[in-house]
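Take a look at the letters that make up each chain.
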Amino acid sequence: MTTFYLIRHGKHDYDAVKDKNFIGHGLELAPLTEEGVQQAIECCNDERLKDCDMIISSPYTRTMQTSAILSKNLNIDFRVEVDLREHELDLTYRVKSFDELKQIAIEEQKYNGLENPSGTYNWETRASVRERVMDVLKRYINYKKVIVVTHGMVIHCMTEKVGIQNCSIHEIRID
């Protein structure tokens, strides 16, 4: 059995990318704030993480920065896994603004992550998120303990917990 420690990235700041008018995945270049860096450093003190075998990370800047801090302080290598990314709110990849993304997130929550019956927006369902993340985790079941640095909605999809705090740790086990 493998224990996976799902960790939400540290606090980040979208201002650095909004000011550059990045759109789509360009928004995901947002770095951690100083508070987010401190959250990641403090997370390293959790005893559960001391003897982990591997860190795997979403490819977004905030998760890779969190992973780098964990890797350095815990002396554990990390790998980037594309399918640990945040859930996709716009599967058309045509959203032009951060505000429009926020509007889609509100709409997605109304339908509790199920498909949008109106077809106004096309987002990734929460069941699809869970399936793609499980496909990644299954590749690491030969390890005993793995740290997974990812996103709040991904952790929600895997645990059904709500209100996922930055750098909080959520344990799941897979046979």
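Structure's up top.
For clarity, every value in this text was computed on a predicted model and none was experimentally measured. (Residues numbered from 1 in each chain as written. Predicted model: local features only at pLDDT ≥ 70, side-chain atom pairs only at ≥ 80, totals over all residues. Heavy atoms only, no water.)

**Details of helix α6 (residues 152-159)**
- Most of α6 is tucked away, with eight of its eight residues classed as buried.
- Along α6, the positions that sit buried rather than exposed are G152, M153, V154, I155, H156, C157, M158 and T159. (Buried < 20%, exposed > 50% of the residue type's maximum accessible area, 1.4 Å probe, protein only. Helix = DSSP H or I, 4+ residues; strand = E, 2+ residues; numbered from the N terminus.)

**Re the sheet that holds strand β2 (residues 54-57)**
- Taken in spatial order, the five strands line up as β3-β2-β4-β1-β5 in an open sheet, and their pairing is mixed. Where the open sheet ends on each side, the last strands, each with one partner, are β3 (78-80) and β5 (169-174). Going from strand to strand, the sheet's axes swing by 25° on average, the running direction of each strand aside.
- Two elements, strand β1 (residues 2-8) and β5, share six bridges in a ladder whose sense is antiparallel. Residue pairing across strands places L6 opposite H170, the latter belonging to β5.
- Strands β1, β2, β3 and β4 (145-150) of the sheet are contacted by helix α3 (residues 61-74), whose axis makes an angle of about 145° with β4. (Pairing = 2+ DSSP bridges. Axes fitted to C-alpha atoms, helices over the stretch in contact; angles between N-to-C directions. Contact = heavy atoms within 4.5 Å.)

**A look at the packing of aromatic side chains**
- Scanning all chains against the criterion turns up two aromatic pairs.
- When the centroid spacing of 6.0 Å and the interplanar angle of 25° are considered together, the rings of Y140 and Y143 count as stacked.
- The buried category is assigned to Y140, whose relative accessible area is 3%. (Phe/Tyr/Trp six-rings, centres within 6.5 Å; stacked < 30°, edge-to-face > 60°.)

**Some points on the pattern of salt bridges**
- A complete count under the given rule lists 13 salt bridges for this structure.
- Put simply, K110 and E107 hold a salt bridge, and the shortest N to O gap is 3.4 Å. Within this pair, K110 and its partner E107 are both found in helix α4 (residues 98-110), separated by three residues, close to a single helical turn.
- Classification of K110 by relative accessible area gives exposed; the value is 60%.
- Among the salt bridges present, the one from R126 reaches E108, with a minimum N-O distance of 2.9 Å. In this pair, R126 is assigned in helix α5 (residues 126-138) and E108 in helix α4, connecting sequence segments 18 residues apart. Judged on exposure class, the residue R126 and its partner E108 are both buried.
- By sharing partners, the salt bridges in this structure join D46, R48, E171 and R173 into a single network. (Salt bridge = Lys/Arg side-chain N within 4 Å of Asp/Glu carboxyl O.)

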